[in-house]
Each structure stands twice: as structure tokens, then as C-alpha cells.
Amino acid sequence: MSTSCDMLVFGGTGDLALHKLIPALYHLHRDKRLNDGVRILALARQELDRDAYLALAERHCRAQVAQADFQPETWLDFAQRLDYFTLDATQRGEFVRLAHHLGQQDGRIRVYYLATAPRLFRDIASHLESAGLAGQASRIVLEKPIGHSLDSALEINEAIGEVFAESRIYRIDHYLGKETVQNLMALRFANALFEPIWRAGHIEHVQISVSETLGVENRGGYYDHAGAMRDMLQNHLLQLLCLVAMEAPVRFDAKSVRGEKVKVLEALKPITGMDVMDKTVRGQYTAGRIGGHDVPAYYFEKNVDNDSDTETFVAVQAGVDNWRWAGVPFYLRTGKRLAKKSSEIVVTFKPVPHMLFQNGQVNRLVIRLQPEESISLQLMAKAPGKGMQLEPVELDLNLAQAFRQTRRWEAYERLLLDVIEGDSTLFMRRDEVEAAWRWVDPILKGWQEHYRKPRPYPAGSDGPEQAHQLLERKGFRWWQ
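With an unreviewed UniProt entry as reference, the protein chain is termed Glucose-6-phosphate 1-dehydrogenase, source organism Stutzerimonas azotifigens. UniProt annotates the protein chain under Pathway (unreviewed entry) with the comment "Carbohydrate degradation; pentose phosphate pathway; D-ribulose 5-phosphate from D-glucose 6-phosphate (oxidative stage): step 1/3." What UniProt records for the protein chain under Sequence similarities (unreviewed entry) is the sentence "Belongs to the glucose-6-phosphate dehydrogenase family."

Attention shifts here to the side chain of R110. Within the secondary structure, R110 is located in strand β4 (residues 109-114). In this structure the side chain of R110 is engaged in a polar contact, spanning 3.2 Å, whose partner is the backbone oxygen of G103. Those residues in contact with R110 that sit more than four places away from it in its chain are D6, L102, G103, Q104, Q105, L133, A137, S138 and R139.

A word on the nonpolar core. Judged by nonpolar contacts, the single largest core of 150 residues is most densely connected at F10 and L98. Element by element, the count of residues in this core is highest for helix α8 (residues 220-245), at 13 residues. With near-sequence residues (within four places) excluded, L98 lies in contact with L8, F10, L41, L43, F85, L87 and L133.

Our focus in this paragraph is the sheet that holds strand β5 (residues 138-143). Read from one edge of the open sheet, six strands run β3-β2-β1-β4-β5-β6, paired in parallel fashion. Both edges of this open sheet fall to β3 (82-86) and β6 (169-172), since each of them pairs with a single strand only. Neighbour-to-neighbour, the strand axes of the sheet open up by a mean angle of 20°, direction not taken into account. Judged from the five bridges that link them, β4 and β5 form a sheet pairing that is parallel. In the strand pairing of β5, Y113 is matched with V141. Its contacts with the sheet place helix α2 (residues 50-64) against β2 (39-44) and β3, and it is angled at close to 120° to β3.

Feature annotation in UniProt assigns "active site" (unreviewed entry) to the following positions: H236. For H236, a relative accessible area of 2% corresponds to the buried category. For H236, the contacting residues outside a window of four places in its chain are K144, D173, H174, Y175 and D231.

If you check helix α13 (residues 430-450), its first and last C-alpha atoms are 31 Å apart, about what 21 residues at 1.5 Å a residue would give, namely 30 Å. Where α13 bends most, the angle comes to about 25°, and this point is W439, followed within four residues by the proline P442. Buried within α13 we find E432, V433, E434, A435, A436, W437, W439, V440, I443, L444, G446 and W447.

For the rest of this paragraph, the subject is helix α12 (residues 411-421). Burial within α12 is extensive, with ten of its eleven residues counted as buried. Turning to α12, its buried residues are A411, Y412, E413, R414, L415, L416, L417, D418, V419 and I420. Close packing links the buried residues of α12 with β1 (5-10), α1 (15-30), β4, β5, β6 and α7 (179-189).

The subject of this paragraph is the sheet that holds strand β11 (residues 313-319). Sheet architecture is open: nine strands sit in the order β16-β15-β14-β13-β7-β12-β11-β8-β17, paired in mixed fashion. With partners counted over all chains shown, the strands left at the sheet margins are β16 (390-398) and β17 (455-458), one partner each. Averaged over all pairs of adjacent strands, the angle between their axes in this sheet comes to 20°, without regard to strand direction. Where strand β15 (residues 374-382) meets β16, nine bridges bridge the pair, whose relative direction is antiparallel. By the bridge assignment for β16, I375 is matched with L397. Packed onto the sheet, helix α14 (residues 465-472) meets β7 (203-211), β8 (280-286), β11, β12 (329-335) and β17 and runs at close to 15° relative to β11.

Calculation criteria
Residues numbered from 1 in each chain as written. Predicted model: local features only at pLDDT ≥ 70, side-chain atom pairs only at ≥ 80, totals over all residues. Heavy atoms only, no water. UniProt positions renumbered as here; feature names shortened; annotations may be inferred. Helix = DSSP H or I, 4+ residues; strand = E, 2+ residues; numbered from the N terminus. Polar contact = N/O pair within 3.5 Å; in protein donor to acceptor, adjacent residues only side chain to side chain. Contact = heavy atoms within 4.5 Å. Core = buried A, V, L, I, M, F, W, Y, C linked by side-chain atoms within 4.5 Å. Buried < 20%, exposed > 50% of the residue type's maximum accessible area, 1.4 Å probe, protein only. Pairing = 2+ DSSP bridges. Axes fitted to C-alpha atoms, helices over the stretch in contact; angles between N-to-C directions. Expected span 1.5 Å × (residues − 1). Bend = angle between axes of the 7 residues up to and from the residue.

Pasting the structure below:
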């Protein structure tokens, strides 16, 4: 059971709040994970009364929550926690009005969740302080992206740090709340089987892929200034790389875990100048068919410039320059309007020293984050019959089946509860964000100087052909 707190969600009428945060809080309430003293206040500029907002929130919650999980009587009970406050976050005076609405803090924890555009982060933090709302019992949650470059990330972190101590800042990446991502740490550090071979001497290469069938939907205005590198690779994919490559922390706490992740980011080999032509691939989807439907090219999407050179696909060959991983390529790939929706980490082991059987293959560990969550180890086994005909077989851990008596938590449920309880283990530290930008910035600069136009690829394909060539140079292929 969590502690008492006020959860204030800025951007309370936005997609993130209505599609993810409110449903996650509803589930926590339903499962009796929230203290009776937890109150939720949604804030946005839209002029709504409480009843209108409750109706809006209920409609979206019904749509997002499984039908069997949504119970009208439970919603009515949950709605007692929920309120709405009209506020323009750019206006300092509005926060004085908010302070009057909240009343005395009386030692209660206050969580400020900024589900807004990053350009509002500094104003909101400053206005909270000026209104006396940023006391020692308050915490602030920042959604990605933290800036659009190293300089902008430094500015945001500096501004937020002037108001909130680092221990009270929670930079959220919802991928870290996924069950399978945490199972990756359990797989590595709780099983003696893998640790001796989790290194360059035994691993040939690692692939981390996050592919989406969707286009930019209603996010064209944001996405056209961000692109796949800033939107996905700089945060989600680098976080997954850190969990694959990090050393075992001394203990499972925020300081130890995040310290090991920073070491990985600092060990990434820089990709600068003309290197971007050899080690990165930019792509942009053209018209095509997905799921039997025609979809437009990226430059015809809503709020996207018709001559846009923003990438909707990016693939990178990265390297971690330390004793454990020297010489092992890490291939990172993400894109929109691809053939299938999936998130996978594939660890390919080196072949046996002497191939005794003609049709032997390498072993692979495949960690699937979506659409289903599972872990499988591909081994070679003899097929029934005469001779030594080998075929790959999989040892599967289907997490949904293994724990079928327990409902799978959504990532935001776990992370919201961690914020309320003050556990920052699964959140990004300031130096972690800045280390990621230090590696990404030279790539963005190299693109600007040497690689301006992204490679076209048809919607519904696997991305640009050049992304396949990135692996083929070393005799590898993307795992399908």
C-alpha cells in the first residue's frame, strides 16, 4: 500500500494522461495499491468542470482497460479521488490560484507529473517554486524527451535542478517499467548459467529493435522536429543497451543500478563526421500498404512539412569500448510504418569452435518486449530419424503463461507507484541523460553535414535496404 499523496498531472487532457496515466492509476486503485489518502488532480488549459472531465476520463479508461478489468462500481469509487483544474502552465499567476486550491500541504507528498511538451518544463518548475509548491515533500516527473540536444538537455536539467534536488526528480522512460526489461536483469544477475558467457569471448553481436506499424498519427508537429533518433533511439533503445551491457550492480538500488548504466553510456564509441555514412542509416517511409490498407508517405502526414528530411527510421552500429564488450557490435534499429510491431533484444552467441555437424547453427537468446512478452533460447537438437540432422529448437519462457494467475502490470503502473513510494531505481539520473546526448549529438551533427536526405522505404517493408547492408558487411542478418 502506497503512502498518502497528491498526484498532479499537467497535460491532463492529453493522450498520455488519458491513454496511459489515468488507466494505470485506475488499475492501482482497483488492486488496492493506492493509499486512501492518494488524490489525483488533472490540470490543463481546456475549460472543463469536474463532471465533464470525469466523463472524458471514464470514456478513455474504458477504451484502454480490458473489458473484464473495467468495473463501473470500481470506477465510481476511483473517481472520488479524481478532480480537474483549469490552468495555463505558462502563466505564473495561475499557480498562486492552484496553491489556494490545494490548501495546506500538511506533510503530504506532492507529485507533479509533467505530461507536457518539454518546452514547458522550466516554466512549470519555476512557477511551482514561486507559488510555494516545491517544498521538500514534493517530487517532479519528467517525460521524455529531455531536450532535443545536449545543450537543451543541460538547460532543462539545470533549470529543474534549481528548484528540485536530484533525489526528487524522476525522469521517466516507460520501457524500464516493462516486465520483460526487468526480467532481463533477473536473467543476467540471478542465474549462474549466463554470467560466464555474457561477454565478448562468447557473444558475436547484439541486436535491439523497436519497430512500429503506426505512422506519426497526431504527433506530426512534434515528430517532424524530433525524428526517430531523438524520439526513440536516444532514450528507449539506449536504455535497453545499458541493461544488456551493464556490469552487475553492487546492490539493486537506485544509486548502484544507475551508476552502472552511466558507465555503459560513457563507454560507447563515438560516431563522428563521415563515420555516420558507414555506421548509421536514416530512412523515411513512402506510401505503401499495411494490414491491407493504403497509407500515405510521411511527407503527406498531418502537420509534417512536404519537403521534410526528418528520419522515421534509424539503424546504428554501436560499440561499447570496455573489457567485457570490446569488438562486439551492437545493432540498434527503430522505425515507423514497418511490416510488424515488435520490440526485441537478440543476443547471438559465437559458433562452437569446431563445427562437427554440417548443418549446425549458432545459439541465440531472444527477449521479446512486445507484442507478447517472452524469453526464448535457441539451441540445436537432433531431429528424429537416421543421421545427425540438426534443427533449431527453442526453450521458451512465456511470461504470460508462466504467471497466468497474475495480471500483467502495465509499465506506468509500476513506475507511478515507484514515484509515490520514492523509489528512483527505474528512472534516469541527470548524468545518464546527458551521457546519452553526448553520444547522440555528434551523430546528429554528422547527418547535418554529410547525410542530409534519409533513404526512402515503402510503408509495410522492413526499412531501407541500407539497414540490411549494415549487418551484411560482417556476415550477419537482422533477426526475423
